[in-house]
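The lines below spell out each chain.
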Amino acid sequence: MKHNTGAGGDRRPVRLEDGEGFDELRESTDLLLVEFYTNGCSMCAAMEPVLGNVARATDATVAMVNAGYAFDLAERYGVSSVPTLLVFEDGDLVGRLADGFQGADAVLSFLDRTV
């Protein structure tokens with residue numbers, strides 16, 4: 001996994017409230033980290049700044065999908081709890097982490113182990 005060392009300062013997670021555009025993003029991105037979250041989930045809210053740090057530290061595209069509105073995507077990928085992190089490489093699901101809140105170091109380690 002290649003980590004950015006400075007040039008990615010303006011990179012932010014892509015927010016897909018209803019999942020619209022998810023398949024296009026998944027298919028057009030070499031490496032995609034997706035957090036499934038819901039409104040009102042305190043652990044999910046705590047993950048948002050972590051994902052911002054991850055987006056700036058890696059070459060992965062980071063996205064956030066509201067599972068409360070994107071029922072079809074949550075069902076398709078077997079998301080039964082939030083936050084859930086999924087990793088897609090070349091459009092294929094290659095990793096899943098559904099262990100609650102994770103800090104930036106843990107998410108970066110998860111990405112390193114996955115790809």
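Residues numbered from 1 in each chain as written. Predicted model: local features only at pLDDT ≥ 70, side-chain atom pairs only at ≥ 80, totals over all residues. Heavy atoms only, no water.

Student: What should I look at first to understand a negative patch on the surface in this one?
Tutor: Together, Asp18, Glu20, Asp72 and Glu75 give the surface a local cluster of negative charge. Within the fold, Asp18 resides in the loop between β1 (14–16) and α1 (22–28). Residue classification places Asp18 among the partly exposed positions, given a relative accessible area of 41%. (Patch = residues over 30% accessible without salt bridge, like charges linked within 9 Å, V, L, I, M, F, W, Y side chains within 5 Å. Areas by Shrake-Rupley, 256 points an atom, 1.4 Å probe, with all protein chains shown as cover. Salt bridge = Lys/Arg side-chain N within 4 Å of Asp/Glu carboxyl O. Lys, Arg positive; Asp, Glu negative; His and termini not counted. Charge placed at Lys NZ, Arg CZ, Asp CG, Glu CD. Helix = DSSP H or I, 4+ residues; strand = E, 2+ residues; numbered from the N terminus. Buried < 20%, exposed > 50% of the residue type's maximum accessible area, 1.4 Å probe, protein only.)

Student: Got a minute to help me understand the packing of aromatic side chains in this structure?
Tutor: To describe a pair of aromatic rings, one takes the distance between the centres and the angle between the planes. Counted under the stated rule, the structure contains three aromatic pairs. A centroid spacing of 5.7 Å and a plane angle of 75 degrees characterise the contact between Phe22 and Phe88, whose relative ring orientation is edge-to-face. With Phe22 in helix α1 and Phe88 in strand β4 (residues 84–89), this pair connects stretches of sequence that are 66 residues apart. In this pair, the class of Phe22 matches that of Phe88, namely buried. When the centroid spacing of 5.2 Å and the interplanar angle of 80 degrees are considered together, the rings of Tyr77 and Phe88 count as edge-to-face. With Tyr77 in the loop between α3 (71–76) and β4 and Phe88 in strand β4, this pair connects stretches of sequence that are 11 residues apart. The residues Tyr77 and Phe88 share a single accessibility class, namely buried. Taken together, Phe22, Tyr77 and Phe88 form an aromatic cluster joined through their ring pairs. (Phe/Tyr/Trp six-rings, centres within 6.5 Å; stacked < 30°, edge-to-face > 60°.)

Student: Help me understand the nonpolar core, please; the structure alone is not making it clear to me.
Tutor: Soluble globular proteins tend to bury their nonpolar side chains together. Counting 21 residues, the largest nonpolar core has Leu33, Leu51, Val54, Leu85 and Val107 as its most contacted members. Sorting the residues of this core by element identifies β2 (31–37), α2 (42–57), β3 (61–66), β4 and α4 (104–114) as the ones contributing at least two each. Considering every element that reaches this core, the biggest residue donor is α2, with seven residues. When residues no more than four places from it in sequence are discounted, the contact partners of Leu51 are Pro13, Leu33, Glu35, Val62, Met64 and Leu85. Listed in part, the 16 residues of the second largest apolar core include Phe36, Ala67, Ala70 and Leu73. (Core = buried A, V, L, I, M, F, W, Y, C linked by side-chain atoms within 4.5 Å. Contact = heavy atoms within 4.5 Å.)

Student: What should I look at first to understand α4 in this one?
Tutor: Since the α-helix turns once every 3.6 residues, residues separated by three or four places project in the same direction. Considered for burial, the residues of α4 that qualify are Val107, Leu108, Phe110 and Leu111. Along α4, the residues classed as buried sweep out an arc of 155 degrees about the axis, all on the same side. Away from the buried face of α4 by more than 90 degrees, exposed residues Asp105 and Arg113 are located. Contact partners of the buried residues in α4: β2, α2, β4 and β5 (92–97). (Arc of directions from axis to C-beta.)

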